[in-house]
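Given next are the chains, with one letter for each unit.
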Amino acid sequence: MTAVTAAQTTQAETDPAANARHRSMFPLLFLTSSAGLLLVALAFDSGRSGHAIATPLLWIGLMAILLPSALRLLAADTPRTERLGIVVLLGLALYAVKVLQSPVGFTLHDELGQYRSVADILRTGKLYVDNPLVRAYSFYPGLLSATAALARVSGLDIFPAGLIVVGVARLLVTGGLFLVVERVSRSARVAGLAVLIYTANPNFVFFDSQFAYESLAIGLGALTLLAAVRATDRGTQGWTDLVLAAALDAALVLSHHLTSYAVALFLCLWLILELARPAASSRRGRLALLALVSVAFTGAYAVFAYHATASDIGGSITGSFHGLFDTISGRAAGRAPFSSAPGYTDPVTVRVVGVASVVLLLAALPFGLVALVRRRPPERTMWILALAAVAYPFSLALRLSSAGAETSNRASEFVFLGLGTVLAVAFFTWLAPRILARGRRSALTPLVLLFVGIVFTGGIFVGTPTYGLLPGPFEVSAGNRSIDAEGVSAARWANAHSTPGEYFFADEPDTELLTAYTHLHPQTGVVNGTGIGALFLSTTFGAFERSIISTDKLKYLVVDERDSSARPRSGRYFDSATPKSGYPTTISPSALAKFDQATCLDRVYDSGHVVIYGTQRLFEGCQ
Amino acid sequence: MMARRLLCVAWQLLAGACLAVILTTPASSPERVAAALALIFVLPGLGVLEALPVRGIRGLGLLVLVPAVSLAVVILDSAALYVCNVQLGTRAWTVSLAAIAVVAAQLGILRSAGHVRWRWRGGRVRVAFGGLAAMIAGGVLLAAAVVATAGSASKQRRDDRYTQLWALPDPTGARAATVGIYNHEGAAQTYVLRAHETGRTLTISVTIGSGGTWSSRVSYPAGERSLRVNLSMNGNPAPVYRWVQLNLTPPR
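Residues numbered from 1 in each chain as written. Chains lettered and ligands numbered in written order. Predicted model: local features only at pLDDT ≥ 70, side-chain atom pairs only at ≥ 80, totals over all residues.

**Side note on the overall build of chain B**
- When helices and strands are counted, chain B shows six helices and seven strands.
- Counting helices and strands in the order they occur from the N terminus, chain B gives α-α-α-α-α-α-β-β-β-β-β-β-β.
- The buried share of chain B, reckoned over its 252 residues, is 37%. (Helix = DSSP H or I, 4+ residues; strand = E, 2+ residues; numbered from the N terminus. Buried ≥ 20, exposed ≤ 12 C-beta atoms within 10 Å, placed from the backbone.)

Listed below in structure tokens is the structure:
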């Protein structure tokens with residue numbers, strides 16, 4: 001298999017007769033992907049047992065999934081249909097990695113929050129039941145209603161139903177992005193390589209595989225763009241695609257805020273670019289109609305869901321820019337890239353590979369843009385993708401502030417579509433021809449595979465904390481590592497023995513668990529200017545602690561005694577009011593044990609590490 | 001043209017069959033799960049694409065487009081049902097999705113059959129004999145991955161051994177409390193439960209199977225200030241393994 005120039009590709013890509021002459025490598029790739037998944041499963045098995053071999057096994061397994069697919073996508077003689085099959089297989093295999101990591105239940109913050117909303121739909125038969133963890137979840141019921149429908153109609157539990165829906169969504173993401181880029185670039189080879197680079201975005205393997213609204217929305221967004229591109233093409237039945245695009249966009253608007261904004265922005269930019277040149281009126285007319293419909297849908301729904309959306313992303317976006325401004329102006333200390341929470345440091349290899357991946361992408365970007373400008377693509381949409389690619393360095397700048405890291409992470413799903421396309425164009429029209437012209441054909445493929453491997457590995461390091469890569473023993477406030485059977489059992493007990501709608505306070509993981517599996521409401525934030533976490537941090541139980549309980553109407557205090565064993569890996573013990581400099585020490589064991597001596601509290605539950613206190617007697621006047 | 005129409009009729013019959021299976025078979029049965037998957041991820045999309053045929057997408061492209069359109073239909077259908085104040089449940093989703101699939105396929109039949117240009121034989125991934133062997137081997141490896149994961153995940157669950165002890169005051173205000181034990185130790189356990197009231201101790205020995213539960217109502221005399229329940233394992237009263245405490249008449 002060798003890489004060749006774009007000019008040599010078209011017949012092998014699209015001609016069915018040419019396709020038929022080529023032996024499909026898809027079964028072999030299915031085999032290597034399966035072998036990679038087996039290695040990943042063994043890595044997770046080793047991780048659960050605490051063996052050091054887990055980490056190398058994981059990376060060997062991931063490379064076994066990625067590199068053979070990359071090799072085949074770079075080859076000149078790969079038929080177009082096989083390319084599509086490869087990117088779909090790659091997407092699903094990487095989704096399976098996440099499933100193998102957490103095979104018995106949801107473990108991430110967003111997953112547990114959305115679980116609550118699906119349970120609320122199944123319980124009430126209504127949409128828009130207030131979600132106490134993140135208000136925006138219930139206002140974007142696309143994933144929720146699809147999962148609830150599957151769970152109710154099939155009789156499956158929410159967890160398997162959610163896994164199936166997100167698996168289908170993953171099919172839409174890779175398949176949809178391939179079809180869009182293929183249509184826009186008019187090359188299946190560019191599309192295949194663009195999707196391959198897209199899988200290296202920091203969120204692809206874990207964050208975008210979780211049971212969360214964005215996982216479905218990206219796929220719907222890709223299919224909306226595909227229908228839009230088809231609708232504006234001359235010579236096709238444009239109106240049917242137009243209706244399809246509008247329907248997909250409406251479903252998207254009901255599914256996720258940021259993705260629907262990105263699609264509306266894409267359509268508007270496209271319309272502006274089309275208006276700037278002579279074009280067939282029907283093309284402009286269809287595009288204008290679609291952009292208008294998209295903006296109307298998105299705008300109207302943004303108004304409807306304004307408060308919920310603003311509370312979810314508003315603070316994060318404004319905080320990002322304020323943080324960046326403060327860092328640049330010297331008012332605040334910058335955030336060291338690849339830094340962990342106070343008390344923890346990432347291994348040197350993680351930092352080196354993470355930085356290398358960013359540097360490689362930044363170095364390749366100018367070449368991609370130059371190659372694109374020289375190629376003068378007829379499709380205006382290519383320039384919008386180039387604009388998205390240009391946004392990549394700016395999204396990295398946001399990482400210099402603590403508040404901006406999340407925004408930068410969220411932006412990567414959109415930015416990498418442009419980045420992947422631009423770099424793919426550069427590869428096929430600039431890099432490959434030059435290297436082949438110098439007679440260094442044998443160097444080309446290893447070089448590109450090395451690039452893809454580093455960018456993919458570094459992307460995972462950038463987007464996922466190291467403690468979240470492998471399953472293993474319990475760790476304090478460490479995302480999926482803090483969700484264990486004992487915590488789930490405590491939540492299920494609370495669901496069976498509490499009154500719906502009552503309030504509780506717990507550390508972050510138990511807050512997520514009790515919110516997901518009960519009908520209780522968590523309390524967060526501050527009371528009289530002090531973070532509610534002070535209730536657990538103080539070593540005495542006095543008037544101040546009582547005032548927090550009464551002000552926040554807390555009926556249950558859920559204490560995980562393991563919180564006193566280590567500082568939180570995520571930097572946060574509780575869902576809000578984390579000190580700016582983090583927690584200097586662990587929570588004192590005596591601070592967590594103080595509730596045992598409080599005569600007005602009942603110690604109603606004990607499972608070893610998790611203890612639940614009832615506060616009912618305080619509300620009955622106990623002093 | 002006739003084949004096209006027959007295909008539309010087949011989608012309609014399939015939607016009807018799914019409807020019947022879902023409404024008549026028990027939850028989570030294999031046939032119901034299969035019918036639900038078809039009704040949510042396939043049939044609405046097929047129906048809509050019969051009514052609104054798109055040219056130039058076939059083979060694997062359809063594999064992507066059909067579930068996308070199906071999911072869009074499910075999401076919009078759910079929103080529409082909600083707006084119409086219809087309770088979202090098995091019957092509502094099943095009937096509405098089957099109806100959409102049937103009506104859309106009917107629209108496809110009513111449309112001029114000449115507008116439908118799907119070529120079902122084009123663009124498929126060719127699987128030769130060697131390829132088939134590789135696919136089968138891949139399937140075996142996947143199954144091995146699943147078995148390895150299931151084994152290690154269940155082992156981790158088994159390793160997470162603990163006992164839940166709980167006590168709740170009687171909600172009616174009667175002088176009694178309910179005490180319960182959940183055994184997650186991975187094996188049958190003999191617990192010794194000692195309920196300490198002022199001046200006397202009630203001792204109960206109970207054996208609970210793995211994954212089993214036990215609960216009992218403990219009454220206490222008027223004027224009792226607190227009820228502390230200690231739980232010990234292996235039939236021995238010490239050491240205390242879990243404890244809970246209810247403050248019955250705390251000072252005001």
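**Observations concerning the overall build of chain A**
- Summing up its helical and strand segments, chain A has 25 helices and seven strands in all.
- The buried share among the 623 residues of chain A stands at 58%.
- Of the contacts formed within chain A by residues at least 6 apart in sequence, a portion of 74% connects residues at least 24 apart. (Contact = placed C-beta atoms within 7 Å.)

**Comments concerning the packing of helix H9 (residues 158-185) of chain A against helix H4 (residues 60-83) of chain B**
- Look at H9(A) against H4(B): their axes get within 9 Å of each other, and the N-to-C directions meet at 125°. The angle between the axes of H9(A) and H4(B) places the two elements in the oblique class. Between H9(A) and H4(B) the crossing geometry is left-handed. Along the contact surface, H9(A) presents Val168(A), Leu171(A), Leu172(A), Gly175(A), Gly176(A) and Leu179(A), while H4(B) presents Gly61(B), Leu63(B), Val64(B), Pro67(B), Ala68(B) and Leu71(B).
- When the residues that make up the contact of H9(A) with H4(B) are grouped by side-chain class, the tally is nine nonpolar, three polar and no charged. (Axes fitted to C-alpha atoms, helices over the stretch in contact; angles between N-to-C directions. Parallel < 35°, antiparallel > 145°, perpendicular 65-115°, else oblique. Left-handed = near helix turned anticlockwise from the far one by under 90°. Nonpolar A, V, L, I, M, F, W, Y, C, P; charged D, E, K, R; others polar.)

**Some points on helix H10 (residues 188-198) of chain A**
- Counting buried residues along H10(A), eleven of its eleven residues qualify, which places the element largely inside the surrounding structure.
- Of all the residues in H10(A), the buried ones are Ala188(A), Arg189(A), Val190(A), Ala191(A), Gly192(A), Leu193(A), Ala194(A), Val195(A), Leu196(A), Ile197(A) and Tyr198(A).

**What about helix H21 (residues 508-517) of chain A?**
Residues and elements named next belong to chain A.
- Buried residues dominate H21, accounting for ten of its ten residues.
- Within the sequence span of H21, burial applies to Glu508, Pro509, Asp510, Thr511, Glu512, Leu513, Leu514, Thr515, Ala516 and Tyr517.
- Its buried side turned inward, H21 meets helix H6 (109-124), helix H20 (485-497), strand E1 (503-506), strand E2 (521-522) and strand E5 (554-560).

**Some thoughts on the environment of Trp93(B)**
All names here are of chain B.
- The topology assignment puts Trp93 in helix H5 (residues 90-110).
- Of the residues examined, Trp93 has 27 C-beta atoms within 10 Å and is grouped as buried.
- Sequence-wise, Trp93 and Leu39 are 54 residues apart; in three dimensions their C-alpha atoms are separated by 9.5 Å.

**Here we look at the interface of chain B and chain A**
- Listed by partner, the interface residues are 80 residues for chain B and 83 residues for chain A.
- Only helix H2 (30-41), H4, H5, helix H6 (129-159), strand E1 (162-169), strand E2 (176-184) and strand E7 (242-247) of chain B provide two or more residues apiece to the side of chain B that touches chain A.
- The element that contributes the greatest number of residues to the side of chain B that touches chain A is H6(B), accounting for 17 residues.

**Points about the environment of Gly439(A)**
- Secondary-structure assignment places Gly439(A) in the loop between helix H18 (404-437) and helix H19 (441-463).
- You can call Gly439(A) exposed: it has 8 C-beta atoms within 10 Å.

**Overview of the domain arrangement of chain A**
- We note that the domain assignment places domain 1 (10-211 + 305-468) and domain 2 (479-619) within chain A.
- On the domain 2 of chain A side, the residues contacting the 18 residues of domain 1 of chain A number 18 residues. (Domains from an automatic or database assignment.)

**What to know about the packing of helix H8 (residues 142-154) of chain A against H9(A)**
Residues and elements named next belong to chain A.
- At a minimum axis separation of 9 Å, H8 and H9 run at an interaxial angle of 125°. What the angle tells us is that H8 and H9 run oblique. In this structure, H8 meets H9 at a crossing whose hand is right-handed. The segment H8 lies against H9, with Leu143, Ala146, Thr147, Leu150, Ala151 and Ser154 engaging Ile158, Ala161, Gly162, Ile164 and Val165.
- Across the contact of H8 with H9, the residue classes tally to eight nonpolar, three polar and no charged.

**Observations concerning unusual backbone geometry**
Residue and element names in this part refer to chain A.
- In this structure, Ser477 takes a positive phi of about 45° despite not being glycine.
- Position of Ser477 among the secondary structure elements: in the loop between H19 and H20.
- In this structure Ser477 comes out as buried when scored by C-beta crowding, with 23 C-beta atoms within 10 Å.

**Concerning the nonpolar core**
- If you look at the biggest cluster of nonpolar residues, it comprises 269 residues, and the most contacted ones within it are Leu150(A) and Leu39(B).
- Ranked by residues supplied to this core, first place goes to H9(A) with 17 residues.
- Beyond its immediate stretch of four places on either side in the chain, Leu39(B) contacts Val153(A), Cys18(B), Ile22(B), Thr94(B), Leu97(B) and Ala98(B). (Core = buried A, V, L, I, M, F, W, Y, C linked by C-beta atoms within 7 Å.)

**Some points on the pairing of E5(A)**
All names here are of chain A.
- Here E5 lies mainly inside the structure; seven of its seven residues are buried.
- Relative to strand E7 (residues 610-614), E5 runs antiparallel, the two being bridged by five bridges. What sits directly across from Tyr556, in E7, is Gly614. (Pairing = 2+ DSSP bridges.)

**Regarding the environment of Leu100(A)**
- By secondary structure assignment, the location of Leu100(A) is in helix H5 (residues 80-101).
- Separated by 26 residues in the primary sequence, Leu100(A) and Leu74(A) have C-alpha atoms spaced 29 Å apart.
- Apart from the residues within four sequence positions on either side, Leu100(A) is in contact with Leu37(A), Val40(A), Ala41(A), Phe44(A), Ala145(B) and Thr149(B).

**What to know about the confidence of the model for chain A**
All names here are of chain A.
- Taken over all residues, the pLDDT of chain A has a mean of 87, while the share at 70 or more is 89%.
- Taken element by element, the predicted model of chain A shows its lowest mean pLDDT in helix H1 (residues 10-14) (49) and its highest in H8 (96).
- The model gives residues 1-12 a pLDDT under 50, and that stretch makes 33 contacts with residues more than four places away or in other chains. (pLDDT = per-residue confidence, 0-100.)

**Focus on the confidence of the model for chain B**
Residues and elements named next belong to chain B.
- Looking at chain B, pLDDT values average 80 and 86% of them are 70 or higher.
- For chain B, the element scoring lowest by mean pLDDT is H6, at 71; H2 scores highest, at 93.
- For residues 112-129, every residue scores under 50 in pLDDT, and the model assigns this stretch 30 contacts once sequence neighbours within four places are set aside.
- Interface confidence for the predicted complex, given as ipTM, is 0.72, next to a pTM of 0.86.

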